[in-house]
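The lines below spell out each chain.
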Amino acid sequence: MSPEEIVDGQLAAYNAGDLDTFLTYYVDDVPVHAFPSGDVLTDRSGPAFRERYRAVFAASPDLHAELVSRVVHGRIVIDQEKVTGFMGGEVRAAVALYEVGAERIERVWFAV
């Protein structure tokens, strides 16, 4: 799969609230960073990644991320999204930068 197809797959699983499928698109212990600082978001990285998304999916039955725009440059995919239904109805703007390896997402940055 191409980097774009991998990111598309995780987005579809996110929108379906399918934790197990969502996790298959990420390496185990995926590091998640704040952008632009690069600081590791320990509440979202590595072992905490699974638990964070388990809690988000459980508390957000209407969760949906709409892709607003995308930039693909080699192994880097940058998505701008409009997220609705977050944690009981919150609407958020989100920007995520994914570094994609041969088969999975290897690193993520979220604009914070």
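Further up the page is the structure itself.
Residues numbered from 1 in each chain as written. Predicted model: local features only at pLDDT ≥ 70, side-chain atom pairs only at ≥ 80, totals over all residues. Heavy atoms only, no water.

On to the sheet that holds strand 4 (residues 90-100), then. The strand order 1-5-4-3-2 describes an open sheet built from five strands, whose pairing is mixed. What marks the edges here is a single partner per strand, and that holds for strand 1 (32-35) and strand 2 (64-73). For this sheet the average axis-to-axis angle between neighbouring strands, irrespective of direction, equals 25 degrees. With four bridges connecting them, strand 1 and strand 5 (residues 105-111) associate as parallel partners. By the bridge assignment for strand 5, Val32 is matched with Val108. Against the sheet, helix 1 (residues 3-16) contacts strand 2, strand 3 (76-86), strand 4 and strand 5, and its axis sits at roughly 170 degrees relative to strand 2. (Pairing = 2+ DSSP bridges. Helix = DSSP H or I, 4+ residues; strand = E, 2+ residues; numbered from the N terminus. Axes fitted to C-alpha atoms, helices over the stretch in contact; angles between N-to-C directions. Contact = heavy atoms within 4.5 Å.)

The peptide bond linking Phe35 to Pro36 adopts the cis configuration, its omega dihedral lying at 15 degrees. Summarising the element assignment, Pro36 is placed in the loop between strand 1 and helix 3 (47-59). With phi around 60 degrees, Asp29 is a residue other than glycine that occupies positive phi space. Tracing the backbone shows Asp29 in the loop between helix 2 (19-24) and strand 1.

Turning to the nonpolar core, a few remarks are in order. Of all hydrophobic cores here, the largest spans 29 residues; its most connected members are Phe22 and Tyr26. Elements represented by at least two residues in this core include exactly helix 1, helix 2, strand 1, helix 3, strand 3, strand 4 and strand 5. By residue number, the principal contributor to this core is helix 1, which donates five residues. (Core = buried A, V, L, I, M, F, W, Y, C linked by side-chain atoms within 4.5 Å. Buried < 20%, exposed > 50% of the residue type's maximum accessible area, 1.4 Å probe, protein only.)

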